[in-house]
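Residue-level listing of the chains:
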Amino acid sequence: MEDDIHTTLTADPPAPQERRPALVFMRGEQLAAPIPLERDEVTLGRALEADVRVNDARASRLHARIRTEHDPETNAPRYRLTDLGSTNGTLLNGQPATDAFLQNGDKLTIGEHLIRFNLLDDLDREFQRQLYRLIAHDELTGLLTSKSFFSELRREAARAESEGRPFCVLMMDLDHFKRVNDTCGHLVGSQTLEVIGGLITRALRVGDVAARFGGEEFAAFLLDADCAQALVAAERVRTAIEEHAFSATRHGASPDEIRTLRITISIGVAAYPDDARDPIELIELADTALYHAKQSGRNRVSAFCFAPDEATPREPRPRNAPTRSCKSSRDNSEG
């Protein structure tokens, strides 16, 4: 009898995925965000014209450059880091560097920002994107967190200042939301907040940025929008929430126990540059306008900027000028 022949079949090993260069912020505003280096030359710095903007007072306007070159012997790509004469210098793995080639995993320090240079394949890039989404977005609503919102707002304010474009800030707060948690339970409350995040997103334009500030507070900024446009957008948000029937049915309830609830929202609006130029002050003014909406009966939109029936916008308010009273775009009180 012939000996049994055992044959082992082995699959061909998968082809290695192409690894491409990227910067991953390990500390700073864009924490965990993977930024692909898709051009042969990329500049980093505080200026708007920098390819990778580092919003840091200790970063120079054009702080450093990463240039893709090719090894003369192997023709393999290599990545040269050059400090562009920055005021506070560039650190590479903790040491001052003016000109050096980067290796996978090297860490750059620019101001207070720590940035890792990585060669990432598709799986690595997707992992970093997922990680960034988890950090930058509220898990319940899918909107930005307040920290990410402030980072985006500061960038937009700098861009608006440079390009002379208007934008507006909305501060929003649900009316009497504590009653929902008290009467329907916190699970229903969480489900309601999740739906509200979607309603706010759909009511705003593509490109506008919304965030959950915590609890039942929300915020947004509207790109290239003056006060009149912001009032229209805020009214869309208010109407969408007022008209929506939210489910208030507890888990495990029978079909004859299906319940819905109604919620309203109050919104404050502030405009750049009519109300202020500083992004933090814009938030404060929109928040004060929100307080006025609450005090005026809730379920309404109030603004510091000029009202729609004014013929022309007023002059920008000086930074230290006293705050004037808010104006309301709606006079009916909550039902």
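Residues numbered from 1 in each chain as written. Predicted model: local features only at pLDDT ≥ 70, side-chain atom pairs only at ≥ 80, totals over all residues. Heavy atoms only, no water.

**Points about the sheet that holds strand β7 (residues 91-92)**
Inference 1: With respect to topology, six strands assemble into an open sheet ordered β2-β1-β11-β10-β7-β8, the strand pairing being antiparallel. Of all strands in the sheet, those bounded by a partner on one side alone are β2 (34-36) and β8 (95-96). (Pairing = 2+ DSSP bridges. Helix = DSSP H or I, 4+ residues; strand = E, 2+ residues; numbered from the N terminus.)

**Description of the pattern of salt bridges**
Inference 1: Here the structure, examined in full by the defined rule, presents 20 salt bridges.
Inference 2: Measuring nitrogen to oxygen at the nearest pair gives 3.3 Å for the salt bridge that ties R212 to D138. Of this pair, R212 sits in strand β13 (residues 209-214) while D138 sits in the loop between α1 (122-136) and α2 (146-163), and the two are 74 residues apart along the sequence. A single burial state applies to R212 and to D138, both of which are buried.
Inference 3: Between R159 and E156 there is a salt bridge whose closest N-O contact spans 3.1 Å. One end of the pair is R159 and the other is E156, both in helix α2 and three residues apart, which spans about a single turn.
Inference 4: Take R159: its relative accessible area is 31%, and that puts it in the partly exposed class.
Inference 5: Three or more residues are tied together by salt bridges with common partners; here these are E156, R159, E163, R165 and D224. (Salt bridge = Lys/Arg side-chain N within 4 Å of Asp/Glu carboxyl O. Buried < 20%, exposed > 50% of the residue type's maximum accessible area, 1.4 Å probe, protein only.)

**Quick notes on the sheet that holds strand β4 (residues 52-53)**
Inference 1: Read from one edge to the other, the open sheet built from five strands follows the order β4-β3-β5-β6-β9, with strand pairing classed as mixed. Two strands bound the open sheet, and with one partner strand each, they are β4 and β9 (99-101).
Inference 2: Relative to β9, strand β6 (residues 77-83) runs antiparallel, the two sharing three bridges. The residue of β9 that forms the bridge with T82 is D99.

**Remarks on the environment of A57**
Inference 1: Mapped onto the fold, A57 is located in the loop between β4 and β5 (64-70).
Inference 2: Taking the C-alpha atoms as reference points, A57 and G111, 54 residues apart in sequence, are found 7.3 Å from one another.

**Some details on unusual backbone geometry**
Inference 1: In this structure, P273 follows Y272 across a cis peptide bond, with omega equal to 5°.
Inference 2: Mapped onto the elements of the fold, P273 is located in the loop between β17 (265-272) and α6 (279-295).
Inference 3: Positive phi values are uncommon outside glycine, yet H176 reaches one of about 55°.
Inference 4: Structurally, the position occupied by H176 is in the loop between β12 (167-174) and α3 (178-184).

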